[in-house]
Amino acid sequence: YNIFGLGMMFLMCPVFGGLSDRITTRKSIYLSTLLICMVTPLSFYLLQIGNFGSIIVGQMILGTIVGSFLGPCHAFMQNLFPTEARYTGVALGFSLGMAFAGGTTPIILTYLIDHTGNLNMPVFLLILYAVMTTLLLKARKTQESTSNHSDYQQAA
């Protein structure tokens, strides 16, 4: 089943990356967080139905959501750092973020599902991450508008 989700992610990353070139990476990531909040419950509902077609559609929806975030994500992260620190900044930021969020998520979700019995905990966690991303983007925008930053930070 995962091949359908991964295939959709593969197709959607350049689509949403191109969209971010037209509407800015920040707006594209806002769109992605909105998609996560609105569509993730549907995709997990389809996965829980358990028949072949619903699982494939649920996986494809999840692949679209992931592609909507990953497409503009790297361009956004590159604009956070000056060119002389870009490789280090992006590599550390991405790797540490994946280690902390990606590495701990299965443990956290297993614990939450075991203790609540609620199979929708992944939905709640994804929505929480989307809300946190939106708040961090808004905080960064506020910080940028109230201080004097160089051009590379304004582009983010």
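Up top is the structure.
Since the model is a prediction, treat every value here as computed from it, not as a measurement. As a convention, each chain's residues are numbered from 1 in the sequence order in which they are written. Per-residue local features of the predicted model are confined to residues with pLDDT of at least 70, and side-chain atom pairs are confined, for both listing and counting, to 80 or more; whole-chain, interface and lining totals are unaffected and use all residues. Based on all heavy atoms of the structure, the side-chain values leave hydrogens and waters out of the count.

**A few points about the overall build of the chain**
Applicable threshold: Secondary structure counts use DSSP, requiring at least four H or I residues in a row for a helix and at least two E residues in a row for a strand, with both numbered from the N terminus. When checking whether two residues touch, look at their non-hydrogen atoms; a contact exists if any pair is within 4.5 Å. For every accessible area listed, the method is Shrake-Rupley and the probe measures 1.4 Å; residues are considered covered only by the protein chains on display.
Across its full length, the chain holds 6 helices and 0 strands. Tracing the chain from N to C terminus, the helices and strands come up as α-α-α-α-α-α. Nonlocal contacts in the chain, meaning residues at least 24 apart in sequence, comprise 68% of its contacts between residues at least 6 apart. If you sum the accessible surface of the chain, you get close to 9,400 Å²; carbon and sulfur atoms cover 71% of it.

**Things to note about the packing of helix α1 (residues 2-23) against helix α2 (residues 25-49)**
Going by this rule: To obtain each axis, a line is fitted to C-alpha atoms, and for helices this fit is confined to the stretch in contact; angles are then taken between N-to-C directions over 0 to 180 degrees. When describing relative orientation, an angle under 35 degrees is termed roughly parallel and one over 145 degrees roughly antiparallel, while 65 to 115 degrees is termed roughly perpendicular and anything else oblique. Amino acid classes used here: Ala, Val, Leu, Ile, Met, Phe, Trp, Tyr, Cys and Pro are nonpolar; Asp, Glu, Lys and Arg are charged; the rest, including Gly, are polar.
Look at α1 against α2: their axes get within 7 Å of each other, and the N-to-C directions meet at 130 degrees. Classified by the angle between their axes, α1 and α2 sit oblique to one another. Residue-level inspection shows F16, L19, S20 and I23 of α1 in contact with α2, the latter providing T25, K27, S28, L31 and L35. In the contact of α1 with α2, the residues fall into 5 nonpolar, 3 polar and 1 charged.

**Quick notes on helix α3 (residues 52-78)**
The line we're drawing: Take the residue count of a helix, subtract one, and multiply by 1.5 Å to get its expected span. The angle separating two fitted axes, one through the seven residues that finish at a residue and one through the seven that start at it, defines the bend at that residue.
Taking 1.5 Å per residue, 27 residues should reach 39 Å; α3 reaches 40 Å between its end C-alpha atoms and fits that length. Of all the bends in α3, the largest measures some 30 degrees and sits at P72.

**Focus on α1**
Heads up, the rule is: Here the term buried applies to any residue with accessible area under 20% of the maximum for its type, exposed to any over 50%, and partly exposed to those in between, with areas from a 1.4 Å probe on protein chains only.
The terminal C-alpha atoms of α1 lie 30 Å apart, and with 22 residues this matches the ideal 32 Å at 1.5 Å per residue to within 8%. Residue M12 marks the point of greatest curvature in α1, where the axis turns by about 30 degrees; the proline P14 follows within four residues. For α1, the full list of buried residues reads G5, M8, M12, F16, G17, G18 and S20. Looking at the buried residues of α1, the elements they touch are α2 and α3. Of the residues one or two after α1, T24 is the one with positive phi, at around 85 degrees.

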